[in-house]
Amino acid sequence: MNELFETMPVKKAYFKIALPVVLSMMVTLVYNLVDTFFVSQTQNTNLVAGVSLCAPLFTLMIALGDIFGLGGSSVISRLFGNKETEEAKRVSAVCFYYAIGVSLLTSLIMILFKNPILSLLGTEASTKPYVLQYYHVISIGGVFIILSMIPTNLIRCAGHAQDAMIGTILGCVINIILDPIFLFVFHMEATGVAIATVFSNFVTDAYLVYVIKRKCPELSVSLKDAHCDTRHIKGLIFIGIPASLTNIMQSFAVTLTNQYLRPYGSNAIASMGIVLKVNMIIMMVLVGFAFGAQPLIGYCIGARNKKRLKEVLRFDALVIISFACVMTLVLCLFTPSIMSCFMKNQTIVSQGSTMLRCLSISTPFVGVVLILTTLFQSAGYATGAMIISLSRQGVIFFVVMIVLTALLGYMGILLAQCISDIITLIIGLLLVKNEARIIESHFYLVFIA
């Protein structure tokens, strides 16, 4: 582990840690598309709607797991850098068992408050049977979904990013295999879809726990190690919560955009749905590189190795911004062709082309925002991480959407995310400048040759 984080050339170390994360993201994206495909092949619109209505529950569980997965990896990577291996080991066990505790509490709440939650999800008489099928399984087996986010993130801090990738791919493949079996062989409808999801996450958990016990002596899943300094518990929670809010804010942004597009008809909403899926592919690669580098950044901060930190940040920025610029150019030049791959409807192709260009213009800015986000999380700078998490697709986006829609109407809706990205970047850079002493870095030097 020391060779990877301390002496290995930055470029090699960066790709060794980040590429498996990028590949994991892409496999997860493929799984989501295939999963939707299999459910759609039933030709049962109520089943499709019922499973879709439960999607926020899955997003919430991932967000809860991120509190201890991303928050814990932030603390542990700094502890590794500071050579506090035993304390890092205890923090990893705390993350594991605290996540189990939160999972059980979540299941209890879902069972006790089932009817109010179903109402919030928008359940109707036609979809209720399928929502209940999915809901019952996911409320009981949610512990495996939440728990999967912890070892996935923690073993990357120990330099085993490839094993984390294998665990993710293993779960996705099993889910893809089980979906058609439960749907078309056993005719289990939404129950089968939910069981496939829960079981695949259980397999991922089992594999990653095995990796920790066999390959990661610096980490622990032992209950006797589940105690550590209170300040580290506070640190992982204060960093983990902003990280988890990112998922929630993404759902908020999509919902808000669709609400503002409703007066312009179903074609506009359908066009935006396709555009967001195309944009998601680019975003997942950017997120993979950004968060894949987090253990390396955190280690350098913990070790107070500013020279190597500067090299890592500079190379991280080079990779992310270069990729973002290339993809922005591709999307802007070939937008109609890209939209035509999804639907041949000329109205949707035309509307979607304008939407995709407006959304993709700010992709390089989003890349820098992601670098700032991982820098704040790696440094344990909870305030900066929280502000960024609540800004881009949250508070700033909400305010920009209101203002631009009032001023520009339809085009204001399309430009809202782009302007929000730029404003969030400015806020992030100001936070870095003001808190440079706290995060112990020279971020601005990344952009100097």
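Residues numbered from 1 in each chain as written. Predicted model: local features only at pLDDT ≥ 70, side-chain atom pairs only at ≥ 80, totals over all residues. Heavy atoms only, no water.

The subject of this paragraph is the overall build of the chain. Tallying secondary structure elements over the chain gives 21 helices and 0 strands in all. Taken against the 2.2 N^0.38 rule, which gives 22 Å for 449 residues, the C-alpha radius of gyration of the chain at 22 Å falls within 12% of a compact globule. Seen through its principal axes, the chain has C-alpha atoms that stretch 55 × 50 × 35 Å. In the chain, which comprises 449 residues, the share counted as buried stands at 54%. At a minimum sequence separation of 6, the contacts of the chain that also span at least 24 residues come to 81%. For the chain, the exposed surface amounts to about 19,100 Å²; the carbon and sulfur share of it is 68%. Taking the average place of the 29 positive charges on the side chains of the chain and the average place of its 20 negative ones, the gap between the two points comes to 5 Å. (Helix = DSSP H or I, 4+ residues; strand = E, 2+ residues; numbered from the N terminus. Rg over C-alpha atoms; globule rule 2.2 N^0.38 Å. Buried < 20%, exposed > 50% of the residue type's maximum accessible area, 1.4 Å probe, protein only. Contact = heavy atoms within 4.5 Å. Areas by Shrake-Rupley, 256 points an atom, 1.4 Å probe, with all protein chains shown as cover. Lys, Arg positive; Asp, Glu negative; His and termini not counted. Charge placed at Lys NZ, Arg CZ, Asp CG, Glu CD.)

Moving on to the packing of aromatic side chains. Overall, the coordinates contain 14 aromatic pairs when judged by the stated rule. Aromatic pair Phe15 and Phe289: ring centres 6.4 Å apart, planes at 80 degrees, arrangement edge-to-face. Of this pair, Phe15 sits in helix α2 (residues 10–40) while Phe289 sits in helix α12 (residues 266–292), and the two are 274 residues apart along the sequence. For the ring pair Phe252 and Phe398, a centre distance of 6.3 Å and an interplane angle of 50 degrees mean the geometry is tilted. (Phe/Tyr/Trp six-rings, centres within 6.5 Å; stacked < 30°, edge-to-face > 60°.)

Glancing now at unusual backbone geometry. One non-glycine residue with positive phi stands out, namely His187, at about 50 degrees. When you line up the elements, His187 lands in the loop between α9 (161–185) and α10 (189–215). The exposed category is assigned to His187, whose relative accessible area is 58%. Backbone geometry places Glu189, a non-glycine residue, at a positive phi of 55 degrees. Assignment of secondary structure puts Glu189 in helix α10. The exposure class assigned to Glu189 is partly exposed, which follows from its relative accessible area of 30%.

The next thing to look at is the pattern of salt bridges. Tallying each qualifying case throughout the model produces 6 salt bridges. A salt bridge links Arg231 to Asp229, with the shortest nitrogen-to-oxygen separation between them at 3.2 Å. On the accessibility criterion, Arg231 (53% relative accessible area) is exposed. The class for Asp229 is partly exposed, based on a relative accessible area of 34%. (Salt bridge = Lys/Arg side-chain N within 4 Å of Asp/Glu carboxyl O.)

On to the confidence of the model for the chain. Any residue range with low pLDDT should be treated as having predicted coordinates unsuitable for detailed reading. Summing up the model confidence of the chain, the mean pLDDT is 87 and the portion of residues at 70 or higher is 96%. Every residue in residues 438–449 scores below 50 in pLDDT, and together they form 36 contacts with partners more than four places removed in sequence or on other chains. (pLDDT = per-residue confidence, 0-100.)

Taken N-terminus to C-terminus, the directions of helix α8 (residues 149–157) and α9 make an angle of 160 degrees; their axes are 7 Å apart at the nearest point. Judged by the angle between their axes, α8 and α9 are roughly antiparallel. Once α8 is placed against α9, the crossing between them reads as left-handed. Across from Thr152, Ile155 and Arg156 in α8, the residues of α9 making contact are Ala161, Asp163, Ala164 and Thr168. For the contact of α8 with α9, the per-class residue count stands at 3 nonpolar, 2 polar and 2 charged. (Axes fitted to C-alpha atoms, helices over the stretch in contact; angles between N-to-C directions. Parallel < 35°, antiparallel > 145°, perpendicular 65-115°, else oblique. Left-handed = near helix turned anticlockwise from the far one by under 90°. Nonpolar A, V, L, I, M, F, W, Y, C, P; charged D, E, K, R; others polar.)

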